[in-house]
Amino acid sequence: MTDAKNWKPATRLVHGGTTRSSFGETSEAIFLTQGYVYDSSEAAEARFLGENPGYIYSRYANPTVGMFEQRMCELEGAEAARGTASGMAAVNSAIMACVKAGDHVIAPKALFGSCRYIIEKLLPRYGVESTLIDGTDIEQWKAAVRPNTTAAFLESPTNPTLEVIDIPAVADIIHEAGGRLIVDNVFATAIWQSPLELGADVVIYSATKHIDGQGRCLGGIVLSDEKWIVEEFHDPFKHTGPAMSPFNAWVLLKGLETLSLRVERQTATAGKLAEFLADHSAVSRLIYPGRADHPQADIVAKQMRGGSTMLAFDLAGGKEAAFKFSNALDIVSLSNNLGDAKSLITHPATTTHQSVAEDARLELGITDKTLRLSVGLEDPDDLLEDVARALESLKG
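Along each chain, residues carry numbers from 1 onward, in the same order as the chain's sequence is written. Per-residue local features of the predicted model are confined to residues with pLDDT of at least 70, and side-chain atom pairs are confined, for both listing and counting, to 80 or more; whole-chain, interface and lining totals are unaffected and use all residues. In computing side-chain values, all of the structure's heavy atoms are included and hydrogens and water are not.

Under the annotation held in an unreviewed UniProt entry, the protein chain carries the name O-succinylhomoserine sulfhydrylase and is attributed to Pseudovibrio denitrificans. UniProt positions are given in the numbering used here, feature names are shortened, and annotations may be inferred rather than shown by experiment. Its UniProt record, at the heading Pathway (unreviewed entry), says of the protein chain: "Amino-acid biosynthesis; L-methionine biosynthesis via de novo pathway; L-homocysteine from O-succinyl-L-homoserine: step 1/1." According to the UniProt record, the Cofactor (unreviewed entry) comment for the protein chain reads "pyridoxal 5'-phosphate".

Draft legend 1. Broad picture of the packing of helix α3 (residues 63-76) against helix α12 (residues 246-256). Lines are fitted to the C-alpha atoms to define the axes, a helix being fitted only along its stretch in contact, and any angle between axes, read from their N-to-C directions, falls within 0 to 180 degrees. A run of H or I in DSSP becomes a helix once it reaches four residues, and a run of E becomes a strand once it reaches two; helices and strands are each numbered from the N terminus. Following both chains from N to C, one finds α3 and α12 inclined at 35 degrees, their axes separated by 8 Å at the closest point. Crossing geometry of α3 relative to α12 is assigned as left-handed. Mapping the contact onto sequence places Thr64, Val65, Met67, Phe68, Arg71 and Met72 in α3 and Pro246, Ala249, Trp250, Leu252, Leu253 and Leu256 in α12. Of the residues assigned to the contact of α3 with α12, the class counts are 10 nonpolar, 1 polar and 1 charged. Two helices crossing with the near one rotated counterclockwise from the far one by less than a right angle form a left-handed crossing, whereas a clockwise rotation gives a right-handed crossing. We call two residues in contact whenever any of their non-hydrogen atoms come within 4.5 Å of each other. Note on residue classes: Ala, Val, Leu, Ile, Met, Phe, Trp, Tyr, Cys and Pro are nonpolar, Asp, Glu, Lys and Arg are charged, and everything else, Gly too, is polar.

Draft legend 2. Broad picture of the sheet that holds strand β1 (residues 80-84). A sheet is described by the order of its strands in space; here 7 strands give the open sequence β1-β7-β6-β5-β4-β2-β3, paired in mixed fashion. The outermost strands of the open sheet, each flanked by one partner alone, are β1 and β3 (129-133). Averaged over all neighbouring strand pairs, the angle between strand axes comes to 20 degrees, with direction disregarded. Direction of pairing for strand β5 (residues 180-184) relative to strand β6 (residues 202-206): parallel, over a ladder of 3 bridges. For Asp184, the partnering residue across the bridge sits in β6 and is Ile204. Against the sheet, α3 engages β1, β6 and β7 (220-224), with an angle of about 50 degrees to β7. Docked against the sheet, helix α7 (residues 167-176) engages β2 (104-108), β4 (149-155) and β5, running at close to 150 degrees with respect to β5. Here a strand pair is declared whenever DSSP counts at least two bridges between the two strands.

Draft legend 3. Summary view of a negative patch on the surface. Only residues whose relative accessible area exceeds 30% and that form no salt bridge are eligible for patches; like-charged ones are grouped when within 9 Å, while nonpolar side chains (Val, Leu, Ile, Met, Phe, Trp, Tyr) are grouped when within 5 Å. In short, Shrake-Rupley with a 1.4 Å probe defines the accessible areas, and a residue's cover is counted only from the protein chains shown. A pairing counts as a salt bridge when a side-chain nitrogen of Lys or Arg comes within 4 Å of a carboxyl oxygen of Asp or Glu. For the purpose of counting charges, residues Lys and Arg are taken to be positive, whereas Asp and Glu are taken to be negative. His and the chain ends are not included. Charged groups are reduced to one reference atom each: NZ for lysine, CZ for arginine, CG for aspartic acid, CD for glutamic acid. A surface patch of negative charge is lined by Asp379, Asp381, Asp382 and Glu385. The topology assignment puts Asp382 in helix α17 (residues 380-392). Working definition: with a 1.4 Å probe on protein chains only, accessible area under 20% of the residue-type maximum means buried, over 50% means exposed, and in between means partly exposed. Using a relative accessible area of 39% as the deciding quantity, one classes Asp382 as partly exposed.

Take a look at the structure:
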């Protein structure tokens, strides 16, 4: 068989990390087990001492979860990974593995509501200081660094306004301070952006999104170098228990097989919708990373291989127009999820970012006018017609 190091991403997504049992199954096996049996008490002792490799308990590791982790490592170019029960479990466990009381974390203000809660509200409870900045301003990253800065966390593109942050520049700043850079790569996906190659130390995903991409299950993953995963991340992970379900890992493995096909199709359709919305009189602002008018178009060109399945736009009529438009859609569903085969729309100010203070939302450009659209796999012409018809309803 061809050396996996030479495989293209689409091949890795189908074959990477596959381990077959003695039955020689084609599809990956689901090891729905909590624990494992040892040949002897001596063998159990050796296993717990780490002298004899193997499985101990599925909260620590599981064969099906292991296949998912390995496949993601091959796609991402990471040395090691751990699957988690959800994307937020991945975010929280990755950050917590980097800090202790007295440390300092930097993050952009533009974050998903739950991520911002961890940085802004949860970390201070444990004696960890945090500074929120404009992530697109490199000078603010430099100014925020302190002697006790041990980590930085960012999303790029951000949720929901699709700001793109210069990952290599931020990585240089954080590394000079002796810290680790954690990047949430959900909006870009591993198909369009490779944060580890850009200088990030840790990459996290909500596998719930594009990796499953079909609305079936929750999951997350943390990827990094083997030394950090083994020495810093694994013990807090195994003792606090945010482990991924083996069944969910199997579902996510099947999702990975079609990830590139889905993301490429969704991105192409998102680009068409962005072109249409940008020229519509009812739209006062359109943000899409694949367009030349994106505020960070130069950075997009430098670090992303494609646009996104996501776009954001403001409707001139405010919240009333945003609600009326969303309610008038037929094909596009109202949901706060994203990265799904079905197109989904949400009003961030009243859903995903409702917990963020109003002044903070407005500072980020998340107004009552703002809508976030996750583009699915429907026929592009049908989606365009659905969106156009809903916009027409605003005239009535």
